[in-house]
Number of protein chains: 2
Amino acid sequence: MSQFLLRPIGTIRTRYASFDDTPVQAALNVDEHAVIELDASYVDGLEGLGEFSHAWLVTWLGSEQGDVVPEPALRQVPFLLQRTGQEVGIFAMRGPRRPNPIGLSLVQLVAVEPPRVTFAGVDMLDGTPLLDLKPYFRDADTPIGDVHCGWYDSIDLGGPVTPRGLGGSAPSDST
Amino acid sequence: MSQFLLRPIGTIRTRYASFDDTPVQAALNVDEHAVIELDASYVDGLEGLGEFSHAWLVTWLGSEQGDVVPEPALRQVPFLLQRTGQEVGIFAMRGPRRPNPIGLSLVQLVAVEPPRVTFAGVDMLDGTPLLDLKPYFRDADTPIGDVHCGWYDSIDLGGPVTPRGLGGSAPSDST
């Protein structure tokens, strides 16, 4: 079976050292700022990013060792469904324990000051490795036609939400 | 330096065998259908996905060998700027030749019939490895505040666009 190798291009610095206290979606915690420290060798890749208001952060949510870990459960209870205990397939949720633990966060760009990029919208642990940074491109990133968001449509979201705030972090929990 | 390992979870089947003829953004080719063939071992992860209208396909755009290849240029001319020749930083564009060649495509779900998922919005070569499938979650995936899309705001997009249609595929070209 094929395997592909990734390398971090930088590190995300936030005030969250504990998974249980980290907001579960950047969009639910839009007022907080955090910083990308890009590796110096990639700084030239930031040219032009300052003219974008938003970007996608593609992050590594797996172990630091980078080993292929045992497969996570393919059905999990999302954090946001903790109260009901409903399980859904991992490809119908955004939780971190996935076959390939890649995270995707839409953030608002606050300042591009190479090698640092300050952004608003924080849902990452301090030290999260950054794999890629892609500009938000409205024509590509806006759904066409009616939008239905499955089980998300049944929940009521307010401000920042954390695993702890939702009642703890049982092993089967994720966004 | 850390390295992280990924494995394909499935394969994308499209009618495009040549990079030069493949549309450069799924959102610019919304009428065409293609199919994900998920590996049988991941089928349980699709539970609930059928209730979503849209999803993100996270794809591998690098070599089949998965080796860490030589670093791509950090400034490139995007396909869509071919006419002007303007270079931008790789983190201010969406092209495939990136430090970590991860692709991100928003597609419309047409049918979830495990292990196959049919979708509309095709910008992938036939045989592209799928790394992850994430449901579109409006609250997380809609930018908050004013949206500016840098150099994309200066171009006029119509229907499907291909590298060939834009005048060929010089090595420095990408979306």
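Everything that follows concerns the structure shown earlier in this document.
Residues numbered from 1 in each chain as written. Chains lettered and ligands numbered in written order. Predicted model: local features only at pLDDT ≥ 70, side-chain atom pairs only at ≥ 80, totals over all residues.

Participant: Describe the relation of the copies chain B and chain A, and please don't skip the residues or the numbers.
Facilitator: By a simple turn and slide, chain B fits onto chain A: the slide is 0.0 Å along the axis, the RMSD is 0.0 Å, and the turn is 180 degrees. Put plainly, the chains are arranged around a two-fold axis. Within chain B, L5 of chain B has its C-alpha nearest the rotation axis, a separation of 2.4 Å. (Least-squares fit on C-alpha atoms with pLDDT ≥ 70 in both.)

Participant: For the interface of chain B and chain A, give the residues involved together with the corresponding values.
Facilitator: Across the contact, 71 residues belong to chain B and 71 residues belong to chain A. The element best represented in the side of chain B that touches chain A is strand β9 (residues 128–135) of chain B, accounting for six residues. Taken together, the residues that form the side of chain B that touches chain A break down as 41 nonpolar, 15 polar and 15 charged. One ladder, built from three bridges, connects strand β1 (residues 4–6) of chain A with strand β1 (residues 4–6) of chain B; its direction is antiparallel. Bridge pairing in β1 of chain B links L5 of chain A to L5 of chain B. (Contact = placed C-beta atoms within 7 Å. Helix = DSSP H or I, 4+ residues; strand = E, 2+ residues; numbered from the N terminus. Nonpolar A, V, L, I, M, F, W, Y, C, P; charged D, E, K, R; others polar. Pairing = 2+ DSSP bridges.)

Participant: Any details on the nonpolar core? Residues and values, ideally.
Facilitator: Judged by nonpolar contacts, the single largest core of 89 residues is most densely connected at A55 of chain A together with A55 of chain B. Judged by nonpolar contacts, the second largest core, of six residues, contains V24, L28, L80 and L81 of chain A. (Core = buried A, V, L, I, M, F, W, Y, C linked by C-beta atoms within 7 Å. Buried ≥ 20, exposed ≤ 12 C-beta atoms within 10 Å, placed from the backbone.)

Participant: Mind laying out unusual backbone geometry, listing which residues take part and the relevant values?
Facilitator: Backbone torsion omega between P114 of chain A and P115 of chain A reads 5 degrees, so that peptide bond is classified as cis. Within the secondary structure layout, P115 of chain A lies in the loop between β7 (102–113) and β8 (116–120).

Participant: I'd like to hear about the sheet that holds β8 of chain A, residue by residue, with values.
Facilitator: Residues and elements named next belong to chain A. Taken in spatial order, the six strands line up as β2-β3-β8-β7-β4-β9 and close into a barrel, and their pairing is antiparallel. This sheet shows a mean twist of 45 degrees between the axes of neighbouring strands, independent of strand direction. The sheet contact formed by strand β2 (residues 10–13) and strand β9 (residues 128–135) spans three bridges and is antiparallel. In the sheet register, T11 faces β9, and the bridge partner there is P129. (Axes fitted to C-alpha atoms, helices over the stretch in contact; angles between N-to-C directions.)

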